[in-house]
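Residues per chain, in single letters:
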There are 2 protein chains.
Amino acid sequence: MQRTQFGDMACSIARTLDVFGEPWTPLVLRDVWAGLTRFDQIQADLGISRKVLTERLNHLVGQGVLERRPYDRRPRYEYVLTGKGTELAEVLMVMAAWGDKWLAGEAGPPVLHRHHACGHVSRAELRCAHCGEAMGPGDIDLLTGPGAAA
Amino acid sequence: MQRTQFGDMACSIARTLDVFGEPWTPLVLRDVWAGLTRFDQIQADLGISRKVLTERLNHLVGQGVLERRPYDRRPRYEYVLTGKGTELAEVLMVMAAWGDKWLAGEAGPPVLHRHHACGHVSRAELRCAHCGEAMGPGDIDLLTGPGAAA
DNA sequence: AATCAGGGTTCCCTCAGGGAACTCACGCTG
DNA sequence: CAGCGTGAGTTCCCTGAGGGAACCCTGATT
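Residues numbered from 1 in each chain as written. Chains lettered and ligands numbered in written order. Predicted model: local features only at pLDDT ≥ 70, side-chain atom pairs only at ≥ 80, totals over all residues.

(A) Focus on the overall build of chain A. On a plain count of helices and strands, chain A comes out with 5 helices and 6 strands. Starting at the N terminus and walking to the C terminus, you meet the elements of chain A as α-α-α-α-β-β-α-β-β-β-β. Along the first, second and third principal axes, the C-alpha set of chain A runs to 55 × 45 × 30 Å. Relative to its full complement of 150 residues, chain A shows a buried share of 41%. Sequence-distant contacts in chain A: of pairs separated by 6 or more residues, those separated by 24 or more amount to 33%. (Helix = DSSP H or I, 4+ residues; strand = E, 2+ residues; numbered from the N terminus. Buried ≥ 20, exposed ≤ 12 C-beta atoms within 10 Å, placed from the backbone. Contact = placed C-beta atoms within 7 Å.)

If you want it as structure tokens, here you go:
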């Protein structure tokens, strides 16, 4: 996304945007998550320029979100999510849920999520890690934390 | 974010990026959420160019995420989250949680979230709306939904 | 040896973002 | 009532990132 660097702000949102905020990056991550792991697959799916895709993939690998690994003795590589990357995909799930609710219109959601644990098509919602009740943006106060010093 | 328009893809993530994905937009939304609701406050906080801030605010208002309303008889306006916008801020919460975990380092998180319901400093986690168990990106299958036709 | 395919580089061009100065409407002050 | 201050933008030019398309490289395959 960024012309300006956000990573030096004392804000986890800004820092996350440094990893994840450039144009195309969320969609690249979505593709890898969805199983499109190879350069040409992603390029064809998104219609992104090869130059930009190269940059984005390198950046994500450098950040430890993706791992680049050979899948052939020829110089062929695929990109897979690391643990860090899989957790980052939570952001994608929440974005998808919001888009499903507010932007999908008549046709309904283009993709459904089936939960392994219960087998139902469902969606993720935010709950407090402490008490288990719903915990949305309107249900919290923002306090200064230990890492607040700029 | 985008040179290319994403909104016409059959993907709720891409559509959400059309609302939310341009550079600076998530941080603008964060500021409004955090209570910096006026043009000059946001501009000073982020160091964003006034031109770009104007564009972003107009876009968010046009998308129904923010509401622009006068707070004085002089031409003075503040921006407040709509319901749609408040729900969009869930994305910010998840981004913040990820940044806290993976990017905050020694110092710890710069901002803490206190849950109104239980009064504890906590964080939000993703749970299945159906069964209530944890529901992360690795816990689901992606299925074709009704709105899948491009 | 020629071909093919995946995975990138390189090049040029255009348009969006940065920066700073300018504007405008309204209230306040002396 | 002239002048000043303030919030909220506009306008201008300049630079650099994204788009597009062509090119390259390496190691199989025929």
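(B) Fine view of the environment of A:W98. Tracing the backbone through its elements, the reader meets A:W98 in helix α5 (residues 83-102). On a C-alpha basis, the gap between A:W98 and A:A124 in space is 10 Å, while along the polypeptide they are 26 residues apart.

(C) Main features of the sheet that holds strand β6 (residues 140-144) of chain B. The strand order across the open sheet formed by 3 strands is β4(A)-β3(A)-β6(B), and the pairing between neighbours is antiparallel. The outermost strands of the open sheet, each flanked by one partner alone, are β4 (121-122) of chain A together with β6 of chain B. Relative to β4(A), strand β3 (residues 111-115) of chain A runs antiparallel, the two being bridged by 2 bridges. Counted as the bridge partner of A:R114 is A:V121 from β4(A). (Pairing = 2+ DSSP bridges.)

(D) Structural view of the relation of the copies chain B and chain A. For the pair chain B and chain A, the relating rotation is 180 degrees, the translation along its axis is 0.0 Å, and the fit reaches an RMSD of 0.0 Å. Both chain copies can therefore be described as sitting about a two-fold axis. Most of the interface of chain B is mirrored in chain A, where 100% of its interface residues are also at the interface. (Least-squares fit on C-alpha atoms with pLDDT ≥ 70 in both.)

(E) View of the pairing of strand β2 (residues 77-81) of chain A. Relative to β2(A), strand β1 (residues 66-70) of chain A runs antiparallel, the two being bridged by 5 bridges. By the bridge assignment for β2(A), A:R69 is matched with A:E78.

(F) Summary view of helix α1 (residues 12-20) of chain A. Within α1(A), 8 of the 9 residues are buried, which leaves it mostly tucked inside the rest of the structure. Looking at the buried positions of α1(A), the neighbouring elements they touch are α2 (25-34) and α5 of chain A together with α2 (25-34), α5 (83-102) and β3 (111-115) of chain B.

(G) How the structure looks around the nonpolar core. Grouped together as the largest cluster of nonpolar side chains are 75 residues, with contacts concentrated most on A:V91, A:L92, A:V94, B:V91, B:L92 and B:V94. Apart from the residues lying within four places of it in its own chain, the contact partners of A:V91 are B:V91, B:V94, B:M95 and B:W98. (Core = buried A, V, L, I, M, F, W, Y, C linked by C-beta atoms within 7 Å.)

(H) Examining the pairing of strand β5 (residues 124-128) of chain A more closely. Burial analysis of β5(A) places 5 of its 5 residues in the buried class, the great majority of the element. Residue alternation in β5(A) divides its side chains into two sets, A:A124, A:L126 and A:C128 and A:E125 and A:R127, and both sets are buried. The pairing of β5(A) with strand β5 (residues 124-128) of chain B spans 5 bridges and is antiparallel. Bridge pairing in β5(B) places A:C128 opposite B:A124.

(I) Region of the structure containing the interface of chain B and chain A. Opposite the 74 residues of chain B that make contact, chain A presents 75 residues. For the side of chain B that touches chain A, the secondary structure elements donating two or more residues are α1 (12-20), α2, α5, β3, β4 (121-122), β5 and β6 of chain B. Sort the elements by how many residues they give to the side of chain B that touches chain A and α5(B) lands first, with 16 residues. Of the residues contributing to the side of chain B that touches chain A, the split by class is 43 nonpolar, 17 polar and 14 charged. Judged from the 5 bridges that link them, β3(A) and β6(B) form a sheet pairing that is antiparallel. Opposite A:V111, over in β6(B), you have B:T144 as the bridge partner. (Nonpolar A, V, L, I, M, F, W, Y, C, P; charged D, E, K, R; others polar.)

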